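# Commentary on secondary and tertiary structure
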Amino acid sequence: MMERKVVEKEISIGPVHPALIEPYRIRLFVNDEIVEDCEININMAYRGIERLLEGLPVEKALLITERVCGICSNVHTWNSVRVVEAGLRIEVPDRANYIRVLINEIQRIASHLIFFGHAFEVLGHETFAMRSFLLREVFMDLMAYIGGNRVMPAVPVIGGIRPRADLTDSLKRVISERINDFEKKYREYVERILADSMIMSRLTGVGLLSKEDAIKYHATGPNGRASGWNYDIRTLMHEYEPFDFEVIVLNEGDNKARVVQRALEVFECLKIIRQILKNLPEGPIVNRDWIPGKMNYTISYFEAFRGELMHSCALDSQGLIRGYKIRTPTPTNLAAMERACVGDHITDAILTIASCDPCLTCCTRVEVINFDESKTMTVMDIMKKYGRR
Amino acid sequence: MGLKAIARKNAIHAMLVYTGGCNGCDIEVVNAIFSPRYDIEQYRVLITWNPREADVLIVTGCVTWQMVEPLKKLYSLIPDPKGVVAVGACAINGNVYKNMVGDIGVNEEVFAPVDNIIPVDVKVPGCAPRPEDIIMGAVKAVPKLMEAP
Amino acid sequence: MELLITSLIAAIISIPYSLIIPGIERKIQARIQQRIGPPILTPGFWAVLKFYYKKDVEPIAFLSRFYKSLIWLGIFIVLFLLFFSMPSWWNILGWASILGLVGLLKLEESLYVFMGAQSQSFLSTTMPVPDLAKGAKGIGIHREFLEQHSAERAIKMMAVGSLPLYIALLVPFAIAKSAMISEVVRVQNPGFFSLAFSLPSNPILFTVPGFLATIVYFIGYVILLNEKPFSILKAKIDVIEGGVLEYAAKLRAGYYIMRNLLLFVLSSIFVTLFLGIPFDPLKPFYLIFNIILSLIMPIALSILVAFSPILTFRQIYPSAVGLSVLGALALIISILGV
Ligand code: SF4
């Protein structure tokens, strides 16, 4: 049993607040400046995606799954496609797989650069935040060239990729030029961050998350890897088999480790992109030879940019979706962060929460609270009972 | 053009409220603000996080039911004259969340068009709109501010 | 009579002039960040005019009358700070001395405590979202407004943060061996009292204690203005803007004026005390030199702001103590060395 600490006051932040651009609410229970306990309410962006998907034709569903999250749109599209492909045993051509990996890694870099932007903004360092958004433009452009939209490239379709997203030779050349240029600038940027003593004094030793805690709370992705937990689903996925990359694992588990881990991971992504450009196989890009039909409940695990992502669904005999389920990495990551930010200053605690790269739009769904009389209540019930305030 | 209109034209404080939806529009707005490539400040739009300081409210996302009240309250706190820019398909018509429903028919979680909740002056379509469009939207709200008494 | 006229001229010159400073600051930061940035008049001058033309709204505050009056109080304090450093005020009672300056600065700082205690912005506790019944981690705990937390931080900053500035302020007076500003100027610039214009012959800035004190003064300046590395009491990421959150329309214009005026006045006082060129509306050469030289501090400040994150109290306590020690060292040298 955890001993209940005496808490002086509560500070609640959000959902409209500069530090958390997305709508969620942080309640910090503090003594003076020190956080004793933390609670994050994340259901403000709930829009019932899993219910919406019920009864839609599979191909139409891609439009919605892509809009689960705008930062990692490709992850959700690809994973929902993977579910259907695994369930209906659809062969995917090699070239399509390569291009899917390409767009995924491009978006992974863009997502990590958003993380830097957000983390440095929370740190109060505008110059580095802006610099990271400037660097990110390279990848937004590439996404627009490949998919036609900066945010929603919509590359994977069931059986392959969209014909528009095929790589031409000139596009390949553009990509390799841009990433070479980017790598030079990015290396400089990372070196400047690591050499800045003021930033490092804010980051080191704050927000410690031990390996045991990371495993216990299931903090997957970069957060777990920054705590010394070697867990990356990319190593288990057949799409990533042809490529050679390292999984970056750091042992410190503090905010600095979480920043550095992502900084290094970007270099691995660049490595993968180079390999794709070099040995992209020729051949068809889409396999149209399938019909939607009855499919049993299938699960697909995937390494999203923030951790482990699960999509699962079944199809009925007309090919309509039944029982779609999404489990995104952020809820578990946030639970770990609630733990990690205890014992720090308030300003540091918010940095810790930002350093797990929260992306809440995807993770909010049904919220059920268990009361003593073992009655379940949804948020709506609670609001009816207690009122808004 | 009096001094009043010139002053209003030359300093516009914009505030971003994000009310659900995916993150796309949100990041693009932040991009328009923070990326030196777009740099909204050179068009005299300054960014603020305080409704008391704001002139233009940039609303993104399909309004989920928990965000309805905060949005209304926020709007009421902005001193007149004020403008509202709805950014993205979500804020304009609810996008897929409202219009592409499966078996349930009507999605009750989403109160989408922002128009239903607060008056909107400028609409920026797109999913997600480009940062250029967002900047243009924010600047388009200016004539209304200038003409206000 | 002369007193009134000079004061009026000083106010008329300094207020519009101080309003271009934020524009210059913003422009420099923007250049460092590789972007174009806003036009120079936008963040200060036009913003103030625009806020002035907005419709007034009642702030949500505990005692809203008192809350509103704090802004005018602040502007007057800063104006008097400027007046006290002006030659025409030098022989009025003992105000134009170290005591007058430090007293007013202390008052100015304490304004943030009052503001924070009063303001009740809806951005924190009163946000209408259903969160009370959930979690049940801390039922019945006092829920604090962000501004109140900011006020608590302001008290801490008053206790430790402002020490360096006061110690640095003491150094020129120690060198002049007097508590009056007129003596400080006389030591550095004997020609001031007779000639229409004379460059200071031996400015304190270029002596060893003077130089050390300048560094300390600069950091103290940053702390007093709550700018980036020491902006914990209005850190954007947790308390947003602190106590000034609820000021709207005309009051916000007043807040802008107050802050920018303080930015200008403190650096003008620096030029008076460390270079011996006072802000004197009756002697235009000195006036022009003073206001041009007082741009140096805001420019240095904006460069510092562009390259530094927010420090928490973990870092502020040691750095404030270290700077105070440096200032004390300068003080000792200045007392022993002369
Ligand atoms: S309009 Fe599109 S990009 Fe914008 S929030 Fe909605 S789904 Fe996301």
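My aim in this report is to walk through the structure given alongside it, one point at a time. (Residues numbered from 1 in each chain as written. Chains lettered and ligands numbered in written order. Predicted model: local features only at pLDDT ≥ 70, side-chain atom pairs only at ≥ 80, totals over all residues. Heavy atoms only, no water.)

### Observations concerning the overall build of chain B
Applied cut-off: We count a stretch as a helix when DSSP gives it H or I for four or more residues in a row; a strand needs E for two or more, and each element gets its number in order from the N terminus. Our radius of gyration is a C-alpha quantity, and the globule rule it is checked against amounts to 2.2 Å times the number of residues to the power 0.38. Whether a residue is buried, partly exposed or exposed follows from its accessible area with a 1.4 Å probe, protein chains only, as a fraction of its type maximum: under 20%, in between, or over 50%, in that order.
On a plain count of helices and strands, chain B comes out with 7 helices and 5 strands. Of the regular secondary structure in chain B, the N- to C-terminal order runs α-β-α-β-β-α-β-α-α-β-α-α. In terms of C-alpha radius of gyration, chain B reaches 15 Å, essentially the compact-globule figure of 15 Å for 149 residues. Projecting the C-alpha coordinates of chain B onto the three principal axes gives extents of approximately 55 × 35 × 25 Å. Buried positions account for 69% of the 149 residues belonging to chain B.

### Points about the site of the ligand
Quick note on the threshold: Working definition: residue near molecule or strand if any one of its non-hydrogen atoms lies within 4 Å of it. For this scheme, ten residues count as nonpolar: Ala, Val, Leu, Ile, Met, Phe, Trp, Tyr, Cys and Pro. Four count as charged, namely Asp, Glu, Lys and Arg, and the remainder, Gly too, count as polar.
Around the ligand, 13 residues are found, and the nearest of them are Cys22, Cys25, Cys90, Asn95 and Cys127 of chain B. In this structure, the ligand is bordered by residues of chains A and B. Residue assignment for the shell around the ligand shows that the elements contributing at least two residues are helix H2 (24-34), helix H4 (89-93) and helix H5 (95-99) of chain B. Across the shell around the ligand, the residue classes break down as 8 nonpolar, 4 polar and 1 charged.

### Overview of the sheet that holds strand S1 (residues 9-13) of chain A
Pairing between the strands of a sheet is mediated by backbone hydrogen bonds and can be parallel or antiparallel. Applied cut-off: Two strands pair if DSSP finds at least two bridges between them. Convention adopted: a line fitted to C-alpha atoms gives each axis, helices being fitted over their contacting stretch, and angles between N-to-C directions are expressed from 0 to 180 degrees. Should any heavy atoms of two residues lie within 4.5 Å, those residues are counted as being in contact.
Here 4 strands make up an open sheet; going across it, the order is S3(A)-S2(A)-S1(A)-S1(C) and the pairing mixed. With partners counted over all chains shown, the strands left at the sheet margins are strand S3 (34-41) of chain A together with strand S1 (142-144) of chain C, one partner each. In this sheet, neighbouring strand axes are inclined to one another by 30° on average, regardless of whether the strands run parallel or antiparallel. Relative to strand S2 (residues 25-31) of chain A, S1 of chain A is paired through 5 bridges, and the arrangement is antiparallel. For isoleucine 11 of chain A, the partnering residue across the bridge sits in S2 of chain A and is leucine 28 of chain A. Along the sheet, helix H12 (residues 346-355) of chain A contacts S1, S2 and S3 of chain A; its crossing angle with S3 of chain A, the most-contacted strand, is approximately 40°.

### Brief notes about the packing of helix H5 (residues 98-118) of chain C against helix H7 (residues 163-176) of chain C
Residue and element names in this part refer to chain C. In plain terms, the rule: Orientation labels follow simple angle bins: below 35 degrees gives roughly parallel, above 145 gives roughly antiparallel, 65 to 115 gives roughly perpendicular, and whatever is left gives oblique. Helix crossings get a hand from a simple test, with the near helix turned counterclockwise from the far one by less than a right angle marking a left-handed crossing and a clockwise turn marking a right-handed one.
The N-to-C vectors of H5 and H7 enclose an angle of 165°; their axes lie 11 Å apart at closest approach. Compared by their axis directions, H5 and H7 come out roughly antiparallel. As H5 packs across H7, the resulting crossing turns out to be right-handed. Contacts from Ile98, Leu101, Val102, Leu105, Lys106 and Glu109 in H5 reach Leu165, Tyr166, Leu169, Leu170 and Phe173 in H7.

### Considerations on the sheet that holds strand S7 (residues 307-315) of chain A
Residues and elements named next belong to chain A. Strand order in the open sheet made by the 3 strands is S6-S7-S8, with antiparallel pairing throughout. Both edges of this open sheet fall to strand S6 (295-304) and strand S8 (321-327), since each of them pairs with a single strand only. Here the strands of the sheet are splayed against their neighbours by 10° on average, with no regard to which way each runs. Relative to S8, S7 is paired through 5 bridges, and the arrangement is antiparallel. Note that in S8 the partner of histidine 311 across the bridge is isoleucine 326.

### Regarding helix H2 (residues 58-66) of chain A
By the burial criterion, the buried members of H2 of chain A are Val58, Ala61, Leu62, Ile64, Thr65 and Glu66 of chain A. In this fold, the buried residues of H2 of chain A make contact with helix H1 (49-53), helix H3 (73-88), strand S4 (156-157), S7 and S8 of chain A together with H5 of chain B.

### Observations regarding unusual backbone geometry
All names here are of chain B. For the bond running from aspartate 80 to proline 81, omega is -10°, close enough to zero to count as cis. Tracing the backbone shows proline 81 in the loop between helix H3 (65-77) and strand S4 (83-87). Cis geometry is adopted by the peptide bond preceding alanine 128, which originates at cysteine 127 and carries an omega value of -5°. Within the secondary structure, alanine 128 is located in the loop between strand S5 (122-124) and helix H6 (131-140). Positive phi values are uncommon outside glycine, yet aspartate 39 reaches one of about 45°. You can see aspartate 39 is positioned in the loop between H2 and strand S2 (45-48). A positive phi angle, close to 70°, is found at arginine 44, a residue other than glycine.

### Some thoughts on the interface of chain C and chain A
Interfaces are often described in size by the accessible area the parts lose on coming together. How we decide: Each of two parts loses accessible area, computed with a 1.4 Å probe, when they are put together; buried area is these two losses added. One side-chain nitrogen of Lys or Arg within 4 Å of one carboxyl oxygen of Asp or Glu is enough to make a salt bridge. Two N or O atoms form a polar contact when they lie within 3.5 Å of each other; inside protein one atom must be a possible hydrogen donor and the other a possible acceptor, and for residues adjacent in sequence the pair counts only when both atoms belong to side chains.
Each partner contributes to the interface: chain C provides 46 residues, whereas chain A provides 58 residues. Both faces combined, the contact of chain C with chain A buries some 4700 Å², and carbon together with sulfur accounts for 53% of it. Taken together, chain C and chain A are joined by 7 salt bridges. Here glutamate 121 of chain A ties to lysine 236 of chain C by a salt bridge, and the two come within 3.5 Å at their closest N and O atoms. At the surface where chain C touches chain A, the tally comes to 19 residue pairs in polar contact (both at pLDDT 80 or more). Contributions of two or more residues to the side of chain C that touches chain A are made by helix H2 (21-32), S1, helix H6 (146-161) and helix H13 (313-337) of chain C. Top element by residues in the side of chain C that touches chain A is H6 of chain C. It accounts for 5 residues. Looking at side-chain class alone, the side of chain C that touches chain A contains 20 nonpolar, 12 polar and 14 charged residues.

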